[in-house]
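# Reading the structure
So the chains spell out like this:
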Amino acid sequence: MDTNGHNGSNGASAQRNGSSEKYEVQEHDVLVIGAGGAGLRAAVEASEAGLSVGVVSKSLLGKAHTVMAEGGMAAAVGNVDPEDSWKTHFMDTMKSGKFINNWRMAELHAKESPDRVYELEQWGALFQRTPEGKISQRPFGAHTYRRLCHVGDRTGLELIRTMQEKTLATDAKVYMETTVTRLFKKDGKVVGALAYTRESGKFIYIKAKAVVMATGGWGRIFEVTSNSWEGTGDGVVLSYDAGADLVDMEMMQFHPTGMVWPPGVAGLLVTEGVRGEGGILKNSKGERYMARYDEQRMELSSRDVVARANYTEVQEGRGSPHGGVYLDITHLGYDGIMKKLPTMHEQFLKLADIDISKEPMEVFPTVHYTMGGVKVEPENCASTVPGLFAAGEVAGGLHGANRLGGNSLSDLLVFGRRAGIGAIEYVNEGSHSLEVEGSEIEREIERVLKPIETGETGESPYLIQQELQKAMMDHANIMRTEEDLKEGLGKILALKDRLENIRVQGSRLFNPGWHAAQDVRYLVQISEIILRTALERRECRGAQWRLDHPDMDEELGHVNFIVSKDGQGEVGIESREIAPMPEHLSGLFKEEAKV
Ligand SMILES: Cc1cc2nc3c(=O)[nH]c(=O)nc-3n(C[C@H](O)[C@H](O)[C@H](O)COP(=O)(O)OP(=O)(O)OC[C@H]3O[C@@H](n4cnc5c(N)ncnc54)[C@H](O)[C@@H]3O)c2cc1C
């Protein structure tokens, strides 16, 4: 593998044909945008098939969101509970997603996750072990069996380390700290992307026969989130702008347990692994209140249920001094915690001066994950635009209305691989004419440079971002009403009008303000889409908690909301009937009902 500035050998050599003073030109068979678990898995697949692959990443290699994953990777390998099977994993995923998931994706995911875990192990990942030496599995919310393969609470780090090394062994070329701003099309097909390097502001136009979008989620549209600075949802807007359909964008996951104190770290994740290892939730009266919300599964209920419970306890005046609830893992003792949850111990000790082996944590829901995203074909992750594929958190469908913990890491590998295969087949299928008008590229460069090159003063991107995050917290939070959502939409549309006037001081060199000016465009567009789709889904289902429509609606249980850019460039929304589940899958639920 090569990183910035070095051409690869073999099939990976990038050509500098057509470079101009304004931008450099590179060319690959497959361009992967995003170097998290999904992007790297797709890149390995395509590169090992002998294709020339480019991987673009906004941050340094190894720094994607995936590295932050803690609790584990869900796969029915049945090491700890031999009764587990892909069928139970499939049913758990569908039930948790409240049956608006793409059932074929859920089937493929459940069937293929074990292979992806073993493959990762063969590639060098060191999982925690059972006494018999098998990969250890821990319980997690709403998984019937102990299913999460893990490495303490640093599973994402191990996944990304392994995938990074695997990628290094291929001929793929990595463009680090390089941000894509737009996809280009020819004859209706995606044929390239414009990017700029964050350090120098140099533009690169990358021609590609196929593009795999793997840019992760968009938690940064909220003030309080577990997501890092990278979670601005660039890929979902780049895809939408290129004409791709999106699915169920109203479905944002509020993780039940984020830190609440001190304020500077509010939203930082407290892994579900804590509850998986027996952590108990209590309110200020000392009540183990989950009995009121899900008597059977208690703290290991699904995330939507636990998040609502935590929120309700605080709303009804039974919260902790800093506005959270208590999560107690002291029963594990210092040694147990250091073995199973060392990161959590360090996180609370360093940031909140709390030793979790002696005291409970204070926690509250935090925006965590995006179930909606680019609509893809389950088999090959093709979007509705030829030449564009999507995998990982940026893609929608698998998780329906609520994601099960641990199902993202296995999603990345199952569908990252499938997106790679989809891109390979597409590249090999036909001829590809990649030339686009230079003037089109130059127009995009002008647009990107506008905030720093007009020389006037104007709106600060940071201020717009702050106002947006506050509006989303106030109006599209865990609990929603029509009135609130409409008020939020009004605020976001007003911010949209102000985007044109964003101005930033300084040059292209090392200019975070300029990067923020790019990001905020995505944040505004996604927020508008979320508010509009949340208004359309007039019911409570999974993560969508509508106070004014407090029940699940039978009819809405059969539809996905599909978003696409309409002829006027506005957000078009269609409610689309979900194809009925085939008998071999629906029969599983009927069998279960009989027992
Ligand atoms: C704190 C935390 C803990 C979690 N724990 C778990 C867990 O235990 N189990 C589990 O299953 N899931 C967990 N998740 C969820 C899971 O980690 C993520 O859903 C997953 O890692 C997303 O992977 P991805 O490959 O889709 O994207 P990411 O890992 O987010 O990678 C996105 C990539 O896209 C790049 N990018 C973005 N925009 C651009 C652009 N415009 N141009 C170029 N590059 C761009 C980024 O630089 C990055 O390289 C956790 C999430 C968080 C935040």
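In what follows, the structure referred to is the one given above.
Now for a description of the structure that goes with this document. Not measured: the values here are computed from a predicted model. (Residues numbered from 1 in each chain as written. Predicted model: local features only at pLDDT ≥ 70, side-chain atom pairs only at ≥ 80, totals over all residues. Heavy atoms only, no water.)

### Topic: the overall build of the chain
If you tally the helices and strands in the chain, you get 16 helices and 21 strands. Against the globule reference of 25 Å for 595 residues, the chain gives a C-alpha radius of gyration of 23 Å, in line with a compact fold. Out of the 595 residues in the chain, the part that is buried amounts to 61%. Partitioning the intrachain contacts of the chain with sequence separation of at least 6 by distance along the chain shows that 73% fall at a separation of at least 24. Carbon together with sulfur atoms contributes 49% to the accessible area of the chain, which is approximately 22200 Å² in total. Charge centroids of the chain, computed over 67 positive and 87 negative side chains, lie 1 Å from each other. (Helix = DSSP H or I, 4+ residues; strand = E, 2+ residues; numbered from the N terminus. Rg over C-alpha atoms; globule rule 2.2 N^0.38 Å. Buried < 20%, exposed > 50% of the residue type's maximum accessible area, 1.4 Å probe, protein only. Contact = heavy atoms within 4.5 Å. Areas by Shrake-Rupley, 256 points an atom, 1.4 Å probe, with all protein chains shown as cover. Lys, Arg positive; Asp, Glu negative; His and termini not counted. Charge placed at Lys NZ, Arg CZ, Asp CG, Glu CD.)

### Re the site of the ligand
Around the ligand sit 39 residues in total, of which H65, T66, G71, E230 and E393 are the nearest. T66 is positioned such that a nitrogen or oxygen atom in its side chain is 2.6 Å from an oxygen atom of the ligand. Bound to the protein, the ligand loses 98% of the 1000 Å² it would expose on its own. The leading source of residues in the shell around the ligand is helix α11 (residues 407-429), at 4 residues. In terms of residue class, the shell around the ligand is built from 13 nonpolar, 20 polar and 6 charged. (Near = heavy atom within 4 Å. Polar contact = N/O pair within 3.5 Å; in protein donor to acceptor, adjacent residues only side chain to side chain. Nonpolar A, V, L, I, M, F, W, Y, C, P; charged D, E, K, R; others polar.)

### Focus on the environment of T181
Relative to the helices and strands, T181 is located in strand β8 (residues 178-186). Residue class for T181 comes out buried when judged on its relative accessible area of 1%. A sequence separation of 14 residues divides T181 from A195, and the C-alpha atoms of the two residues are 5.7 Å apart. With sequence-adjacent residues up to four places away left out, T181 is seen in contact with L194, A195, Y196, L238, E444, R447, V448, R521 and Y522.

### Examining the environment of R138
Within the element layout of this structure, R138 appears in strand β5 (residues 137-138). Beyond its immediate sequence surroundings of up to four residues, R138 is in contact with G71, R146, R147, L148, H150, G152, G273, E277, K340 and L341. A polar contact of 2.9 Å, which involves the side chain of R138, links it to the backbone oxygen of G71. In terms of polar contacts, R138 uses its side chain to reach the backbone carbonyl oxygen of K340, at 3.2 Å.

### As for the packing of helix α1 (residues 37-48) against α11
Relative to each other, α1 and α11 sit at 40 degrees, their axes nearing to 7 Å. With respect to α11, the element α1 is oriented oblique. Between α1 and α11 lies a crossing of right-handed hand. On α11, the residues that touch G37, A38, R41, A42, E45 and A46 of α1 are L412, L413, G416, R417, G420, I421 and I424. (Axes fitted to C-alpha atoms, helices over the stretch in contact; angles between N-to-C directions. Parallel < 35°, antiparallel > 145°, perpendicular 65-115°, else oblique. Left-handed = near helix turned anticlockwise from the far one by under 90°.)

### A closer look at the packing of aromatic side chains
Applying the stated rule across the entire model yields 12 aromatic pairs. Seen from the ring of W86, K111 lies directly overhead, with NZ or CZ sitting 4.6 Å from the centre. Here the basic side chain of R403 rests over the ring of Y369, its NZ or CZ set 4.0 Å away from the ring centre. (Phe/Tyr/Trp six-rings, centres within 6.5 Å; stacked < 30°, edge-to-face > 60°. Lys NZ or Arg CZ within 6 Å of the ring centre and 35° of its normal.)

### Structural notes on the sheet that holds strand β4 (residues 73-74)
Strand order in the open sheet formed by 3 strands is β4-β6-β5, with antiparallel pairing between adjacent strands. In this open sheet, the two edge strands, each paired with only one partner strand, are β4 and β5. Where β4 and strand β6 (residues 148-149) come together, 2 bridges link them in antiparallel fashion. Following the sheet pairing, A74 is matched in β6 by L148. (Pairing = 2+ DSSP bridges.)

### Overview of the side chain of E362
Mapped onto the elements, E362 comes out in strand β15 (residues 361-370). Despite its burial, E362 remains without a salt bridge, the nearest opposite charge being carried by R318 at 15 Å. Among the polar contacts made by the side chain of E362, one reaches the side chain of S320 at a distance of 2.5 Å. Filtering out sequence-adjacent residues up to four positions away, E362 remains in contact with G258, M259, V260, S320, P321, H322, G323, G324, V325 and Y326. (Salt bridge = Lys/Arg side-chain N within 4 Å of Asp/Glu carboxyl O.)

### Let's talk about the sheet that holds strand β13 (residues 280-282)
Taken in spatial order, the 4 strands make up an open sheet running β12-β15-β14-β13, and their pairing is antiparallel. Where the open sheet ends on each side, the last strands, each with one partner, are β12 (252-259) and β13. For this sheet, the mean angle separating the axes of adjacent strands, direction not counted, is 45 degrees. Of the strand pairs in this sheet, β13 and strand β14 (residues 325-328) are connected by 3 bridges, and their pairing is antiparallel. Within β14, the residue paired with K282 across the bridge is Y326.

### Let's talk about the environment of L409
Residue placement: L409 occurs in helix α11. Residue class for L409 comes out buried when judged on its relative accessible area of 5%. Taking the C-alpha atoms as reference points, L409 and I478, separated by 69 residues in sequence, lie 24 Å from one another. The residues contacting L409, other than those within four sequence positions of it, are T66, A69, G72, M73, T155, G156 and L159.

### What about unusual backbone geometry?
Geometrically, the link from W261 to P262 is a cis peptide bond, its omega value of -5 degrees lying close to zero. One can find P262 in the loop between β12 and α6 (273-276). Of note in this structure, A142 is not a glycine but carries a positive phi near 65 degrees. Relative to the helices and strands, A142 resides in the loop between β5 and β6. The exposure class of A142 is buried, given its relative accessible area of 11%. Although it is not a glycine, M298 sits at a positive phi angle of roughly 50 degrees. Structurally, M298 can be placed in the loop between α7 (290-293) and α8 (303-315). The class for M298 is buried, based on a relative accessible area of 15%.

### A closer look at a negative patch on the surface
Residues D553, E554, E555 and E577 make up a contiguous surface patch of negative charge. Relative to the helices and strands, E555 resides in the loop between β19 (545-546) and β20 (559-565). (Patch = residues over 30% accessible without salt bridge, like charges linked within 9 Å, V, L, I, M, F, W, Y side chains within 5 Å.)

### Some details on helix α2 (residues 86-96)
A large share of α2 lies buried, amounting to 8 of its 11 residues. Of the residues making up α2, those classed as buried are T88, H89, F90, M91, D92, T93, M94 and S96. On its buried face, α2 sits against β4, α3 (103-122), α11 and α16 (583-594). A positive backbone phi angle near 55 degrees is found at K98, which sits one or two residues after α2.

### Quick look at the pairing of strand β9 (residues 189-197)
Within β9, 8 of the 9 residues are buried, which leaves the element mostly enclosed by the surrounding structure. Where β8 meets β9, 8 bridges bridge the pair, whose relative direction is antiparallel. Residue pairing in the sheet places V180 in a bridge with A195 of β9. Linking β8 back to β9 in an antiparallel pair, the connection comprises 2 residues, with D187 at a positive phi of about 50 degrees.

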